[in-house]
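What follows is each chain in one-letter form.
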Amino acid sequence: MSTQAQTKQHVMNTYARKPITLVEGKGAIVFDDQGKRYVDFSSGIGVNALGYCDPDWSAAVAKQSQLLQHTSNLYYTQPMAQVAQILCQRTNYSKAFFGNSGAEANEGAIKLARKYSFDRYGKEANRYKILTLVDSFHGRTITTLAATGQDVFHQSFDPFTEGFDYVEVNNLEALKAKMDASVCAVMIEFVQGEGGIHLLNPDYVEALFELCATQDVLVIADEVQTGIGRTGTLLASEHYHVQPDITTLAKGLGGGLPIGAILCTEKLANVFQPGDHATTFGGNPVVCAGAKVVLEKLNDALLEAVQQKEKVIRQQLTNLPSVKKIDGIGLMLGIQLTDKKATDVIDQCLEQGLIVLSAKEKIRLLPPLTITDTELNEGLAILAKVLMSQPKE
Ligand SMILES: Cc1ncc(COP(=O)(O)O)c(C=O)c1O
C-alpha cells in the first residue's frame, strides 16, 4: 500500500495534505518519494530554522540520543539547563519552562498569568480575564482555541475555557474599553502569522505596554512563529523595543524536534512552585541538544542575513503585476495578490518544484533562516514564473 493510501486509511483526516510524500532533505531542498526535488519556502511552517538536516544539529541530536534520551523532570539534565541559560542570557528573561508545542507553551503562559494575579490580588478579585486580538492564533487545545480570536475555530468544540475576550488589532480605544478590573493579561502576536501576516503598529504596541503597566496587567507575547530569528531579530519584540512579561516560543527553537518554551521576567520567576505546572517530555535532552545548536548558530551574522534575504525577496517580487503588496518582516512574509488565488499559486508552485504556504488569502513565505542565496534565487524564480503566468482557462 502506498504511504498516501496507508495514511488515508489509518490516520485521522484532519489535514488537507498535498499529494506528495517527502522522504529526504538537505538545507532548503527536499525530495519526494518519486525523486522530485523541491525548494522549500515553508520550513515545515517555520520549524526547520536551520533547514533540513543541518549537519551540526543532526550530529548533536544523534549523539544525545546515544547518551541519554529521556529521564523525567524529577532529575536534572545538562541540555535543558544549557538551553535555558542561553535563552535567558540572550533575551533578558529570568526563567524558562519547557514543554512540547506552541499551544502548550501558551496554555502554560495563561496559567502563569492567572496564578500571578490570584497570588497578588486574591482569587475573590476575579482578575482572570485574558484579552487577545482579533485574527490571532494561539493553538488548538480548548483553552488556546478560546484565546484564538477567530470565530472560524469556535464552531464545533464548545464549551470553551472561560475568561477570554477579543479586541481589534491596532485599535487602542477598543483595548481601553475592555481593560476592566477583571483583566490579568493581554496576549499578542507582534506579527500575526496564521491570521494573515498582520504587523502590530509600533505606536499601538508602545501604548499597549504603557496601559498594561499602569494596571499591572501582564503582557504575554506569543512568539511561537515570530521568535527564534524568524523576523531577523532573536525575538520580534526587539523590533518594538519592549519586553513582555511573558514570551512563548516553539516552532523554530527545536530546529525540527517538538519543543515549546515559556520565558518570564524576574517579577514572575517564582510564581510557579513545585506541583503548579509540569509535562512529561518537557526539556527532553535530545530535543534540547538540537535547540542548543539552533541557538548557537543563530548569531548576529545569521540574523543580519535574514534581514538581507527579506530585501532580496522584496526586490524580486514587489513589481510583479500579480503582487499587490508584501507584508511581514524578515523571513515571515505574506504576499497580497491582485489577480490570483493563493491556493492556485501554491499548487502551481508545487508542480514546478517550490513549496510555499498561505495565510488567509496571502501567499506566506517562511523559508529556513539558513537558506542560501542560490536556493533563494531558485525558489524566487519559480514563484515569479508562477505569478507571471496567465490563469488557466
Ligand atoms: C502564533 C502561534 N501560536 C501558537 C501556535 C500553535 O503551535 P503548535 O501547533 O506548536 O501547538 C501557532 C502555530 O501555528 C502559532 O503560529
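Now for a quick tour of the structure. Values in this document were obtained by computation on a predicted structure and should not be read as measured data.

**A few points about the packing of aromatic side chains**
Then step 1. On inspection of all chains with the given rule, the structure shows 2 aromatic pairs.
Then step 2. A ring pair is formed by phenylalanine 190 and tyrosine 240, whose centres lie 4.9 Å apart and whose planes are at 25 degrees; its orientation type is stacked. Of the two residues, phenylalanine 190 is situated in the loop between β7 (183–188) and β8 (191–192) and tyrosine 240 in helix α9 (residues 237–240); the sequence distance between them amounts to 50 residues.
Then step 3. Its relative accessible area of 12% is what places tyrosine 240 among the buried residues.
Then step 4. Arginine 127 extends its terminal NZ or CZ atom over the ring of tyrosine 121, reaching a point 4.1 Å from the ring centre.

**Points about the pairing of strand β3 (residues 37–40)**
Residues in a regular strand point their side chains to alternate faces of the sheet.
Then step 1. Sheet topology note: the strand β2 (residues 29–32)/β3 ladder contains 3 bridges and is antiparallel. What sits directly across from valine 30, in β3, is tyrosine 38.
Then step 2. In sequence, β2 turns back onto β3 through a hairpin of 4 residues, with glycine 35 there showing a positive phi of about 85 degrees.
Then step 3. One ladder, built from 2 bridges, connects β3 with strand β15 (residues 354–355); its direction is parallel. Within β15, the residue paired with aspartate 40 across the bridge is isoleucine 355.

Cut-off values and rules
- Residues numbered from 1 in each chain as written.
- Predicted model: local features only at pLDDT ≥ 70, side-chain atom pairs only at ≥ 80, totals over all residues.
- Heavy atoms only, no water.
- Phe/Tyr/Trp six-rings, centres within 6.5 Å; stacked < 30°, edge-to-face > 60°.
- Helix = DSSP H or I, 4+ residues; strand = E, 2+ residues; numbered from the N terminus.
- Buried < 20%, exposed > 50% of the residue type's maximum accessible area, 1.4 Å probe, protein only.
- Lys NZ or Arg CZ within 6 Å of the ring centre and 35° of its normal.
- Pairing = 2+ DSSP bridges.

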